[in-house]
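One-letter residues, chain by chain:
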Amino acid sequence: MTLLEITEAIGAALPPDADPDQTITGAASLEDAQAGDIAFFEHPKYLRAVRVTRAGVVLVPTAFEEALTAITLRVASPTTAFSTILEMLAKPEVGPPPGIHPTAVVHPSATIDPAACIHPYAVIEPGVVIGADCSVGAHAFIGRDSQLGAGCVIHPHAVLYRRTILGARVTIHSGTIIGSDGFGYRLEAGRHEKVVHRGNVQIDDDVEVGAGTTIDRARFGRTWIQTGTKIDNLVQIAHNVVIGPHCLIIAQTGISGSARLGKYVVLAGQVGVVGHVEIGDQVVVAAKSGVSKDTAGGQTLMGMFGVPMKEARELVAHYHRLPKTVAKIKTLEQEVAELKRLVGELTGARATESSPA
């Protein structure tokens, strides 16, 4: 891309001394960039890196005032602008043409749109409906009576159990399993007897589910992931969970059965949510925190039991001061003991002085 094309694409002003025909051939980090690359700077942590970068062009915030050796383009959001340029520089991925590969196993009762692509060794069971522009990767499995809306991408080795319902433009990454049985047992006569799960999983439009994630089918009804939610790799979502629209669920999070999340909820890495709780809209739960009770919307939770962040920080500060606090308490105890001894001596002396000769 030329410098002029870049500035037009991101709405930046072309520096007066810059050559509009200068070409950029790649995008890279500040550390790795070379003369023909574009990079971006946004976080103060990388101030030193931007000062010494070899990049030909650097995207910086509008308030950035330092002079750099690279051509500097000021934009409201460098990371967003960088993503725009990265997409334009990247060669478009060309997938295989629509159709069903000869090695795929497709039941005659399945309905597959002619614009869909079924890759080698995929398995499509009876009653499945696959919409236009879908891609079902190699060795993927689509269970009986499942439905895929238009534009879904099922990556290789993903598994959709029976009656899974996907909206439009849903992406399921490799190794993910949708619709396995929920973890439910009842103790009878000293044995764990399995609780039957007859529900299904419904995933609405524009949801992306990362690699190695598992979403269990409902005991009855549905486990439901609503529009626009993004789920990272290695997440466990249990039976009958409802996740509202546009949530972010980060890696190694576990959500127990029948929990309900509102809209725009963020669960950071390794968050645990107990069963049957409700988390309100726009709640953010910090990494390695636990949610054990219903939570009103608009809060940021932190800590093992998910208390409000301000309180959690105070508790952490107190925890780190415990050794000094204990030492102070011991000193105070010694001083109190000494005062008691002195008071006792004074009391005894006065008693002796006041007693009759």
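Conventions adopted
Residues numbered from 1 in each chain as written. Predicted model: local features only at pLDDT ≥ 70, side-chain atom pairs only at ≥ 80, totals over all residues. Heavy atoms only, no water. Helix = DSSP H or I, 4+ residues; strand = E, 2+ residues; numbered from the N terminus. Rg over C-alpha atoms; globule rule 2.2 N^0.38 Å. Buried < 20%, exposed > 50% of the residue type's maximum accessible area, 1.4 Å probe, protein only. Contact = heavy atoms within 4.5 Å. Areas by Shrake-Rupley, 256 points an atom, 1.4 Å probe, with all protein chains shown as cover. Lys, Arg positive; Asp, Glu negative; His and termini not counted. Charge placed at Lys NZ, Arg CZ, Asp CG, Glu CD. Core = buried A, V, L, I, M, F, W, Y, C linked by side-chain atoms within 4.5 Å. Pairing = 2+ DSSP bridges. Axes fitted to C-alpha atoms, helices over the stretch in contact; angles between N-to-C directions. Salt bridge = Lys/Arg side-chain N within 4 Å of Asp/Glu carboxyl O. Parallel < 35°, antiparallel > 145°, perpendicular 65-115°, else oblique. Left-handed = near helix turned anticlockwise from the far one by under 90°.

(A) Broad picture of the overall build of the protein chain. When you go through the protein chain residue by residue, the secondary structure sums to five helices and 37 strands. In terms of C-alpha radius of gyration, the protein chain reaches 31 Å, well past the compact-globule figure of 21 Å for 357 residues. Across its three principal directions, the C-alpha atoms of the protein chain cover 120 × 80 × 30 Å. For the protein chain, with 357 residues in total, the buried portion stands at 38%. For the protein chain, contacts bridging at least 24 residues in sequence account for 16% of all contacts bridging at least 6. By element, 58% of the accessible surface of the protein chain is carried by carbon and sulfur atoms, the whole surface being about 20,000 Å². Taking the average location of the 31 positive side-chain charges in the protein chain and that of its 36 negative ones, the two points are 10 Å from each other.

(B) Examining the nonpolar core more closely. Grouped together as the largest cluster of nonpolar side chains are 49 residues, with contacts concentrated most on I130, V136, L148, I154, I203, I255 and L267. Residues in contact with I203, not counting those within four places in the same chain, are I165, L166, G167, V170, I172, I178, V209, I215 and I225. With 16 residues, the next largest nonpolar core counts L3, I38, A81 and F82 among its residues.

(C) Layout of the sheet that holds strand β1 (residues 26–27). With parallel pairing, the four strands of this open sheet are ordered in space as β1-β2-β3-β4. The sheet terminates laterally at β1 and β4 (71–75), the two strands that pair on one side only. Examined bridge by bridge, β1 and strand β2 (residues 37–40) share two bridges and lie parallel to one another. Bridging across to β2, G26 finds its partner in D37. Each of β2, β3 (57–61) and β4 is contacted by helix α1 (residues 3–10), which is oriented at about 15° to β4, the strand it contacts most.

(D) Region of interest: the environment of T213. Inspection of the secondary structure assignment puts T213 in the loop between β22 (208–209) and β23 (214–216). Take T213: its relative accessible area is 0%, and that puts it in the buried class. The spacing of T213 and D232 is 19 residues in sequence and 7.6 Å in space, taken between C-alpha atoms.

(E) Main features of the pattern of salt bridges. Per the stated rule, a full pass over the model turns up eight salt bridges. D206 is the salt-bridge partner of R169, the closest N and O atoms lying 2.7 Å from each other. Taken together, the positions of R169 in the loop between β16 (165–166) and β17 (171–172) and D206 in the loop between β21 (200–203) and β22 put the pair 37 residues apart, joining distant regions of the chain. The class for D206 is partly exposed, based on a relative accessible area of 27%. A salt bridge links E345 to R341, with the nearest nitrogen and oxygen atoms 2.4 Å apart. Of this pair, E345 and R341 both sit in helix α5 (residues 322–354), four residues apart, which is roughly one turn of the helix. In this structure E345 comes out as partly exposed when scored by relative accessible area, which is 46%.

(F) Quick peek at the sheet that holds β17. Across the sheet, which stays open at both edges, the twelve strands sit in the order β5-β8-β11-β14-β17-β22-β25-β28-β31-β34-β36-β37 with mixed pairing between neighbours. The open sheet is flanked by β5 (99–100) and β37 (307–308), the only strands paired with a single partner. Taken together, the two bridges between strand β11 (residues 135–136) and strand β14 (residues 153–154) define a ladder with parallel strand orientation. In the strand pairing of β14, S135 is matched with V153.

(G) Quick peek at the environment of V265. By secondary structure assignment, the location of V265 is in the loop between β30 (260–261) and β31 (266–267). For V265, a relative accessible area of 0% corresponds to the buried category. In this structure, the C-alpha to C-alpha distance between V265 and P15, residues 250 residues apart in sequence, is 41 Å. Those residues in contact with V265 that lie beyond four places of it in its chain are C247, L248, I279, G280, Q282 and V283.

(H) Structural context of the pairing of β4. With respect to burial, β4 is a largely interior element, four of its five residues being buried. In terms of strand pairing, β3 meets β4 through five bridges, oriented parallel. Within the sheet, the bridge partner assigned to V60 lies in β4 and is R74.

(I) Highlighting the packing of α1 against helix α3 (residues 78–89). Taken N-terminus to C-terminus, the directions of α1 and α3 make an angle of 125°; their axes are 10 Å apart at the nearest point. As summarised for this structure, α1 and α3 are arranged oblique, according to the angle between their axes. α3 is crossed by α1, and the crossing has right-handed handedness. Between α1, through I6, A9 and I10, and α3, the contact on the second element is made entirely by A81, T84, I85 and M88.

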